[in-house]
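Observations on chain architecture
What follows is each chain in one-letter form.
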Amino acid sequence: MNQTYRFLRISTLLLVSLLASATHAKDVVWGEVRPKGELDGIPMHYITIDQKPHDTVDIRIDGKVKESIWATLPAFDNLLVAVPATGKPSKYPTQVRMIATDRGLYVSSIMTQPKETLVRRLANRDEFIDRDTFGMTLDTSGHGLFGYWFTLALGDSQMDGKVLPERRYANDWDGPWLGATQALEDGWSAELFFPWSMMMLPNVEGTRNIGFAVARQISFTNERLQWPGHAYSSPQFVTALNAMQVDNVKPRQQISVIPFASGTVDQAREENKVEVGVDITWKPTPRFEVNATLNPDFGSVEADDVVLNLSASEVFFPEKRLFFLEGNEIFETTPRANNGNAMRLHTNENFATTSRRVFFQEFIPTPISILNTRRIGGVATQVSVPPGVTPNPGESNLPTELIGAAKVSGNFSGLRYAVLGALEDDVEWLGRNTLGQSVDIDASGRDFGVARVIWEHTAPSTRYGIGAISTLVSGPRFDAEVNAVDLHFGTNDGRWSADFQTLRTEVAGRGGDGTILDVLFSPSSNLSHMIKYDYFDRGARLSDLGFLRRNDYQGLQYVMQYASQVPRGAMINTRGAITLDVQRNLSKDQFVEKAIYWRNIATLPARVTLRTILGFMPSRYEDFDTRGNGSYRTDDRIYAESLWATDASKVASLSFGLGGWQEHLGDWTYLASAGVTLRPIDVFYMDLDIKYRKRDGWLVYQGGRNFGAYHGTEWLPSLKMTWFLAPRHQVRLSLQWAGVRADERGFFGVPVGDGDLEPTARTRTNHDLAVSLLTTQLRYRWEIAPLTDLFVVYTRGNRLNTIDDDAFSNLFTESFQDPIVDFFVAKLRWRFGN
């Protein structure tokens, strides 16, 4: 009897479950898709979405997807597993619905998975970590010219940016879009609204095609779903999106006014100041847009990473200021201008969140760009210091205040244009004369001007473009001018692409020329070949407003990228790149770079990632660190490093690294690293990293033709803690320190006529060195609304150079106790506009 009752009960429950599932499936009206083409067997689609007047669409962005209008819209579930690149549907359904209005695009998504598997983690905007996310990419040009990408994480953290063909991603653009999420009993849901006014929307009569992709990250299965489901290694992305067809969507006038006020207490310079300013955006049509900023307060709320650099090479720092980030993609004249693109090319990184995010940093080429907006309002470079006067520590590294800047941009019949101008305020440094008396060091500020135009056309099988850019820096000591022309070509199947640029510079009456050529061939999604050629003569100079690590050279690089989703032994999948690099200086016809690198990334069981690099650098001449004092010959050298990172979905994820490289004279520098990310609760996380280097035979420039060979130790610890007091209320603490102590074990000179370094007499009794760099920042941010924030920030930092025989603890203590950067800032910005 009991068995019969049990059988009837189970049968009834199964019948009820089947009926409920059938009823649920019947309620969903699936959207119609039409074939658009395919790439490596992955289909793209056309869809038509519903449109209604904005005032009739009563949708509240709360993530619940409860408004009645959603039930009337067709759903789409065409997502395929793109990472790992199986190209198959996921076992967990996704229902995506879209509706367009005259003001923007509404999107909702209902994502099924077991509730206990949901991963909700709050984080800073644009910070990629392992968690459940939903995202969209929109190509509003309709021709694969550019795209906007948006990602919303469970818990409402936002990520966004722009992407140029094919995967030149940048996350330095923040748009005023809305998004919210909601946990469900059988998964989670999301609602998003993208205003047309925040995106470039060309004039189109009748039906408009908007390229789009939909993405979903499922943390617990370590899957990234995408529609279309292209593998990350596929040769196309921006030019191989789906297309939604909408009617009567017209560009909208955009007006945005963001006034801001800040108060600063600068204890290091013993001065206080209150500043007010405003950012203004006016876009009456897609053909014309004006952005302006008056009396901007650009610094203070963000801190750059600490980098210990004793070489002649300049360190590249990314732009973080809102005014210069908006619409900056038009000034990227070649793929070389994007710093993230350089890392992706030479490592074949897909920046997955599978494991703790640690990456190779050594021997990655720096960008080559005609416009590096960090120069505007950056360190003053045309200050004449009077004889007998020395600037106080840190003064020459201070940013320069701006009076204002303006930018006009737009497009017309395939022609895009932009003009940028900025005026710096006068420079005021503090210094001391030979008597120890305080002295003011004054100089006029610089003026900057940039003009850019590019014409692009897409044919049935190819796309091409031609552009030009001119820049001018006018300063109190000299003017610097750059003029360049760039050409671009690509096939619509993504197999071939080429980018070419030729330029002429005129700096202080001296001219120079340069050329860049990149050719890419991608025979499949798993293999690509790139050849890169550079030529910059001795007079070429971009560093006044652009970025170029060195001139006086011609170089040739070959890069082969590969990827495999086929398991091989313990490796679930692999990807990597092989790079061959040679460079010769033009003035002496010497090889100044010869290297071959193999970088590999392997995903192992238990979501472990192993990154490995092997490099061989044959003997060459070093002519750059000598600062124009001849060239010396290096030994053959070897470089090897491995990084091991564990499962990022755990409460604690770890990373370890070991490696080493040979210095120029053959001695070894050994390196080790370790790190941990702790996420005990959704609203708190902490990153703790430490790097250690044991140096032997490390050559450091000593002036003239002299170098010291050092034996020393270098420590680079960093700590980052973020706590969300409440949604949109964040407290962040960051501390980075770099300390090195090194004993001079040999003193060498560059021989006249070049060759091997020769022992020479020391220029002073003690050449030992100790360097300490410190930056720490405590920041509170209240994100009141998109682009409306309150910041309260305290920053403290120092750079200490000493020859004292101090322990590392003393180096750190002295840097912290006697800072050259020590200020408190409160800043409020408030966005008004449509």
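These figures come from a predicted structure and were not determined experimentally. (Residues numbered from 1 in each chain as written. Predicted model: local features only at pLDDT ≥ 70, side-chain atom pairs only at ≥ 80, totals over all residues. Heavy atoms only, no water.)

What about unusual backbone geometry?
Cis geometry marks the peptide bond from Pro 165 to Glu 166; its omega dihedral reads -10°. Looking at where Glu 166 falls in the secondary structure, it is placed in the loop between strand 9 (158–164) and strand 10 (168–170). Cis geometry is adopted by the peptide bond preceding Pro 228, which originates at Trp 227 and carries an omega value of 0°. Inspection of the secondary structure puts Pro 228 in the loop between strand 14 (223–227) and strand 15 (242–247). (Helix = DSSP H or I, 4+ residues; strand = E, 2+ residues; numbered from the N terminus.)

Things to note about the pairing of strand 7 (residues 133–139)
Of all seven residues making up strand 7, seven are buried, and the element is well covered by its neighbours. Residues Thr 133, Gly 135, Thr 137 and Asp 139 point to one face of strand 7 and Phe 134, Met 136 and Leu 138 to the other, with burial holding for every one of them. With six bridges joining them, strand 7 and strand 8 (residues 147–153) adopt antiparallel strand pairing. Bridge pairing links Gly 135 to Thr 151 in strand 8. (Buried < 20%, exposed > 50% of the residue type's maximum accessible area, 1.4 Å probe, protein only. Pairing = 2+ DSSP bridges.)

Observations concerning the pattern of salt bridges
As enumerated under the stated definition, the model contains 42 salt bridges in all. One salt bridge connects Lys 273 with Glu 401, and the closest N-O pair in it is separated by 2.6 Å. Of the two residues, Lys 273 is situated in strand 17 (residues 271–285) and Glu 401 in the loop between strand 19 (389–391) and strand 20 (402–412); the sequence distance between them amounts to 128 residues. According to the relative accessible area criterion, Glu 401 is partly exposed, its value standing at 35%. (Salt bridge = Lys/Arg side-chain N within 4 Å of Asp/Glu carboxyl O.)

Looking at the sheet that holds strand 23 (residues 438–443)
The three strands lie next to each other as 19-22-23, forming an open sheet whose pairing is antiparallel. Both outer strands of the open sheet, strand 19 and strand 23, are each paired with one neighbouring strand and no more. Here the strands of the sheet are splayed against their neighbours by 45° on average, with no regard to which way each runs. Where strand 22 (residues 427–433) lies against strand 23, six bridges are found, and the strand directions are antiparallel. If you follow Arg 432 over to strand 23, its bridge partner there is Ser 438. (Axes fitted to C-alpha atoms, helices over the stretch in contact; angles between N-to-C directions.)

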